[in-house]
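An overview of the molecular structure
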Amino acid sequence: QVRLVESGGGLVQAGGSLRLSCAASTRILGIRAMAWYRQAPGKEREFVAEISSTGDSANYADSLKGRFTVSSDNAKNTVFLQMNSLKPEDTAVYYCNFKTGFRAYWGQGTQVTVSS
């Protein structure tokens, strides 16, 4: 069974940086895009960023452009999220998501906490 495993979360002060990683436990064929979402306490899960399977196209939530960067290592079925200039409102559980033509895979989430 395929699992997505996130890492890199933790506690950081406002203005700091974190780099999240998400790797698939086994190779997934037919990936169309890899994405990050987040869910803050009491809020719905929201889109953060997405990168195409070729790595040449990326989209971001408007509010995060310029601070977050998504990248990937397609050979390793791994996606990254570089988060800079973090703010307390970025505190959330961050989930990775791999999309194929048939289904979407989700990771278990990694906690990011930004202190003021």
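Quick look at the structure, then. Being a predicted model, the structure only gives us computed values, none of them experimental.

Here is what the cut-offs are and how they apply
Residues numbered from 1 in each chain as written. Predicted model: local features only at pLDDT ≥ 70, side-chain atom pairs only at ≥ 80, totals over all residues. Heavy atoms only, no water. Core = buried A, V, L, I, M, F, W, Y, C linked by side-chain atoms within 4.5 Å. Buried < 20%, exposed > 50% of the residue type's maximum accessible area, 1.4 Å probe, protein only. Helix = DSSP H or I, 4+ residues; strand = E, 2+ residues; numbered from the N terminus. Contact = heavy atoms within 4.5 Å. Salt bridge = Lys/Arg side-chain N within 4 Å of Asp/Glu carboxyl O. Polar contact = N/O pair within 3.5 Å; in protein donor to acceptor, adjacent residues only side chain to side chain.

Concerning the nonpolar core
With 29 residues, the main nonpolar core has Trp36, Val79, Leu81, Met83, Tyr94 and Phe98 as its most contacted residues. Of all the secondary-structure elements, those providing two or more residues to this core are strand S3 (18–24), strand S4 (33–39), strand S5 (46–52), strand S7 (68–73), strand S8 (78–83), strand S9 (92–99) and strand S11 (110–115).

Focus: the environment of Leu64
Its place among the elements puts Leu64 in the loop between strand S6 (58–60) and S7. Residue class for Leu64 comes out buried when judged on its relative accessible area of 2%. Sequence spacing of Leu64 and Met83 is 19 residues, and the spatial spacing of their C-alpha atoms is 9.2 Å. Setting aside residues up to four positions removed in sequence, Leu64 forms contacts with Arg38, Val48 and Asp90.

Some words on the pattern of salt bridges
For side chains bearing opposite charge, pairing can occur when the charged atoms are close. Applying the stated rule across the entire model yields 5 salt bridges. Of the charged contacts in the structure, one is a salt bridge between Asp62 and Lys65, with a shortest N-O distance of 3.3 Å. This pair shows no difference in class: Asp62 is exposed, exactly as Lys65 is. One continuous salt-bridge network, built from bridges that share partners, spans Arg38, Glu46, Arg67 and Asp90.

Here we look at the side chain of Thr100
Mapped onto the fold, Thr100 is located in the loop between S9 and strand S10 (104–106). Of note is the side chain of Thr100, whose polar atom sits 3.1 Å from the backbone nitrogen of Phe102. Apart from the residues within four sequence positions on either side, Thr100 is in contact with Ile28, Leu29, Gly30, Ile31, Arg32 and Tyr105.

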